[in-house]
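What the coordinates show
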Amino acid sequence: MRARWPLWAFCALTGVWLVVPALIVVPLSFTDKPSLKFPPDGYSTRWYENFFGDAAWMSALGTSVQVALLVTVVATTLGTAAALGLTRAKIKGLALAQGSMLAPMIVPGVVLAIGTYAVFLKLQLVGTLAGFVMAHTVLALPFVIIPVTASLRGFDRRLEDAAASLGASRWTAFRSVTLPLVAPGVASGALFAFVTSFDEVVVSLFIQSPYLQTLPVKMYASVTRETDPTIAAAATMIIALTTTLVLVATFFVARRTRAK
Amino acid sequence: MPSSIQLTGLTKTYHDFVAVDDVSLTIEPGEFMTLLGPSGSGKTTTLNIIAGFVRQTSGELTVDGTSISATPPHRRDMGMVFQHYALFPHMTVAENIAFPLKQRKVPKAKRAELVAAALATVHLGDFGHRYPRELSGGQQQRVAVARAIVYNPRVLLMDEPLGALDKKLRDWLQLEIKRIHAELGTTFVYVTHDQDEALVLSDRIAVFNKGRIEQVGPAAELYERPKTLFVAKFLGESTVLRGPVSGQGIGVCARLLDVRGGIDGKDGALVVRPERLAVRKPGHEAEPGWNALPATVTGEIYLGSSRKLELKLPDGSPALVREQAGGLSEARAGDEVTLTWRVADSVLLPDESDAEAVLT
Amino acid sequence: MKERTAGPALLLLPALIALGVFFLYPLGSMLVSAFTDPEPGLRNFAWFFGEQANMQVLGRTFSTALWVTLVALALSYPYAYAMTIVGARARAILTLLVLVPFWTSLMVRTFAWVILLQDTGVINKALGALGMGPFSLIRTQTGVVIGMVQLLMPFMVLPLYAVMSGIDRRLLPAATSLGAHPVTAFVKVYVPLSLPGVSAGCLTVFISALGFYVTPALLGSPTDALISQQIFTQVNGLLKWGRGGAMGVVLLGLTLAMIALLGLTLRRTGKKVTG
């Protein structure tokens, strides 16, 4: 056996490098000095107080959560319906429909952003809640369609026929048999949709207004202008929120798989 | 020139588990040696030590008198056929077979010639341009053999090469391997857990159990003169009569049976092969040089060329008789009979109660 | 049967309408503005391809994406390989580590890199302690590459791991038994079999890197802008919709060309290995 320690050392270093950026933000948010110096000299919670006391940060947080929740509902609904259509319809151009629904994943953000900006100026959607929701929904759709399609393809259509033969209407069969079985796919789609919207920066930078900003947009503006550790507090809360979401989702998926 | 291989006191331990325990074995030039044993008996580890994939904890390994313990696998000049063939999926059959030749810097023209010859040897002449996935299991197996023999290695190692194939194909490929061995005259070391395969192929068989070699010898010797109960039970079927051993014989079912030879210790096991047992009328008395025991027939299995009788002895232990067609007795299930056999046809061995545990 | 096919097809409609209004319409209007703003013609493209500065931006975008891809590959290949040879628990940890950047907000990670890479940041301090530096990392291409590689690692590691975990590891001892040195065996047997993962990972990372905006904008130098930043500047700063649109068309075209290339190589290598 050849010694494998160089490989392990390499992996450990790479692993640290992958995680450290996310982790340094947390201690930084508890610094007691008004500078982004790492490591901090002393600790305090003043930047959290600052965050929660600042109307601009609070409204950005509120907007982000509101937009992300609405996107989750809209994108999950549209995406699940589309995934059903994609797996069950027998029409020409299905491949084209599928391709175009996944296209938002590959179009560079800036390209879509300037187009959306132009259209939103025309439709007067710049700086509106509806504008953010729709722009983010389009970006989140592929992340719903992919997992839902995958779980629908693994679903045995004969179960629905069986339910129908037992007297269930098509809708009842779908609701009581299909939906529970593809629920993990829908749930992970919903999670992706929330996170996609919550993290989106580039398109949001164009369609924001001084009166309506999302949290990442506010952070972007702050990073370019100030050295205020309130950003670190905001970042820490974003990390906490997404980590909680992912952990809860993983927990539920693990419990479901155990139950089966 | 085929090579000889000598294993001396080979031992391999993993933490506190002894995989190979003080194995010594001499394999003659050109010999077909089979390492036979149940899974976990150390036979594959021993083969991997010979191939160089596993480094022994202690002991010596020489080929033609030269130690190769420190030689890495790629310089041992041995051919190996793996259980799952291990053909390179991104290379054609011809490229697979040419691979070892390229490693040896054989010129291109010579390479093509040797590849064609190897393909001919395994009867796959037209398959050179195919990819492994386009071949059946049996064909892939033969490609693996061709790849291992094309560079004329001094030893050919085979690790359960027929394990993944169905019975019919296996029977035919056994004969193919035997033919190739005869054609090449190379030293073969073959690992299997299938006793029939070992009997068909081998010049000599080394029976492995719990990391040790129980017995080495030609098939007939192992079958007729097993040295341990494990070997007797692993190779072929047998009736085992257990009892205390004294100077006069072995006590079984309240009778004293004649035996040849003796054993160390008190607990003996008398082994008789089913074709050496005969069924007589109840009350039949043993002639000189013969033993006799009363028994009840519990079942019969008709096998065409022969018939198997299952019997129960007075102490409840089972016995097995095989009668050739043409020499069938009249015994039927339920009959009381006498079992007889020549003393010379039975083998007295020390009883090892754990021999059963390994087999079941 | 007609009733069974028309229903599911209708389910596609809401998503398609949303895509039409908020995806295709925006892209179309960008395309139109590229050819019509301020007046119909190819003037915007002539401007883009005619100016030395723009070609430098394009070259810089390409070289950044290429560096990001190469560094990511160099880091991911051993990492993904390690994932295939360790036990289940270690593999779970390695997978988790790779997914951390995936789940951490892009803005948060970029912000963290701003802190780490600054001239008085942790990295320069550590290098200083070793007697090296200080290096200017932030506002340089190096900084951009470091940040982007970390952000894009999952897209390289995951396809590599998917392909590598399907490779039969017993082929390596097989090759050495045939006389190949372990290194030769790895290069001749393992590497070719892992190529589908390499090409999928590289093209995905390259494509994503071409269109990155936030990371180069915050970690890079304003004078060494990439094409995304230039598009932003043209439209948001200078209100040159036509010029921004033309650059958008070029970036989109390049991306699509790369995707076509990806599809082509995947089909070819896929054929060679499976079909």
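Criteria and cut-off values
Residues numbered from 1 in each chain as written. Chains lettered and ligands numbered in written order. Predicted model: local features only at pLDDT ≥ 70, side-chain atom pairs only at ≥ 80, totals over all residues. Helix = DSSP H or I, 4+ residues; strand = E, 2+ residues; numbered from the N terminus. Buried ≥ 20, exposed ≤ 12 C-beta atoms within 10 Å, placed from the backbone. Contact = placed C-beta atoms within 7 Å. Core = buried A, V, L, I, M, F, W, Y, C linked by C-beta atoms within 7 Å. Nonpolar A, V, L, I, M, F, W, Y, C, P; charged D, E, K, R; others polar. Pairing = 2+ DSSP bridges. Axes fitted to C-alpha atoms, helices over the stretch in contact; angles between N-to-C directions. pLDDT = per-residue confidence, 0-100.

Okay, the overall build of chain A next. What chain A contains, in helices and strands, is 11 helices and 0 strands. Moving toward the C terminus, one meets the helices and strands of chain A in the order α-α-α-α-α-α-α-α-α-α-α. Judged by the C-alpha coordinates and their principal axes, chain A covers about 70 × 65 × 35 Å. A buried classification covers 45% of the 260 residues belonging to chain A.

Looking now at the overall build of chain B. Looking only at helices and strands, chain B features 9 helices and 20 strands. The dimensions of chain B, computed from C-alpha atoms along their principal axes, are 80 × 45 × 35 Å. Sorting the 360 residues of chain B into buried and exposed places 41% on the buried side. Contacts spanning at least 24 positions in sequence make up 67% of the contacts within chain B whose residues lie at least 6 apart.

This next bit is on the nonpolar core. By size, the foremost hydrophobic cluster in this structure holds 157 residues, and its most contacted members are Val25(A), Ala82(A), Ile114(A), Ala235(A), Phe111(C) and Leu152(C). When residues of this core are assigned to their parent elements, the largest contribution, 16 residues, is made by helix α8 (residues 141-164) of chain C. Ignoring sequence-local partners within four residues, the contact set of Phe111(C) consists of Val25(A), Met219(A), Val223(A), Ile231(A) and Ala235(A). Among the nonpolar cores identified, the runner-up in size contains 104 residues, and Leu35(B), Val145(B), Ala232(B) and Leu293(B) belong to it.

Attention now moves to the interface of chain B and chain C. Facing the 17 residues of chain B at the interface are 17 residues of chain C. When residues of the side of chain B that touches chain C are assigned to their parent elements, the largest contribution, 3 residues, is made by helix α2 (residues 93-103) of chain B. Each residue belonging to the side of chain B that touches chain C can be placed in one class, and the counts come to 11 nonpolar, 4 polar and 2 charged.

Right, let's get into the interface of chain C and chain A. Counting from both sides, the interface comprises 63 residues of chain C and, opposite them, 62 residues of chain A. For the side of chain C that touches chain A, the element with the highest residue contribution is helix α2 (residues 13-36) of chain C, accounting for 13 residues. Considering only residue class, the side of chain C that touches chain A consists of 48 nonpolar, 14 polar and 1 charged.

Where strands meet in a sheet, backbone hydrogen bonds hold them as pairs that are either parallel or antiparallel. Residue and element names in this part refer to chain B. What the 3 strands build is an open sheet, ordered β11-β14-β20; its pairing is antiparallel. Two strands in the sheet have a free side with no partner beyond their single neighbour: β11 (239-244) and β20 (346-350). The mean inter-strand angle of the sheet, taken between neighbouring strand axes irrespective of direction, is 25°. As judged from the 6 bridges shared by β11 and strand β14 (residues 267-272), these two strands associate in the antiparallel manner. Paired with Val240 across the strands is Val271, a residue of β14.

All names here are of chain A. Counting through the fold element by element, Leu23 comes out in helix α1 (residues 5-29). A residue is classified by how many C-beta atoms lie within 10 Å of it, and Leu23, with 14 of them, is partly exposed. Sequence-wise, Leu23 and Ile239 are 216 residues apart; in three dimensions their C-alpha atoms are separated by 9.2 Å.

On to the arrangement of the chains. For the 2 pairs of chains in contact, the largest share of contacts goes to chains A and C. A minimum C-alpha distance of 8 Å separates chain A and chain B, which share no contact.

This brings us to the sheet that holds strand β16 (residues 290-302) of chain B. Residue and element names in this part refer to chain B. If you trace the 5 strands from one edge of the open sheet to the other, you get β15-β19-β16-β17-β18, paired in antiparallel fashion. At either margin of the open sheet sits one strand with a lone partner, and together these are β15 (278-280) and β18 (318-324). Sheet twist, expressed as the mean angle between neighbouring strand axes with direction ignored, is 45°. As judged from the 7 bridges shared by strand β17 (residues 306-312) and β18, these two strands associate in the antiparallel manner. Counterpart to Leu309 in the pairing with β18 is Val321.

Now for the confidence of the model for chain B. Per-residue confidence for chain B averages 89 on the pLDDT scale, and 98% of its residues sit at or above 70. Interface confidence for the predicted complex, expressed as ipTM, amounts to 0.86; the pTM equals 0.82.

Looking now at unusual backbone geometry. Peptide bonds are trans in most cases, and residues, glycine excluded, mostly fall at negative phi. In the segment running from Asp37(C) into Pro38(C), the intervening peptide bond is cis, with an omega of 0°. Counting through the fold element by element, Pro38(C) comes out in the loop between α2 and α3 (43-50). Despite not being glycine, Asp64(B) shows a phi value in the positive range, around 50°. Summarising the element assignment, Asp64(B) is placed in the loop between β4 (58-63) and β5 (66-67). Accessibility expressed as a C-beta count within 10 Å gives 14 for Asp64(B), which makes it partly exposed. In this model, Ala86(B) sits at a positive phi of 50°, which is unusual for a non-glycine residue. Within the element layout of this structure, Ala86(B) appears in the loop between β6 (78-81) and α2.

In this section: the environment of Met33(B). In this fold, Met33(B) is placed in strand β3 (residues 32-36). The spacing of Met33(B) and Leu10(B) is 23 residues in sequence and 17 Å in space, taken between C-alpha atoms.

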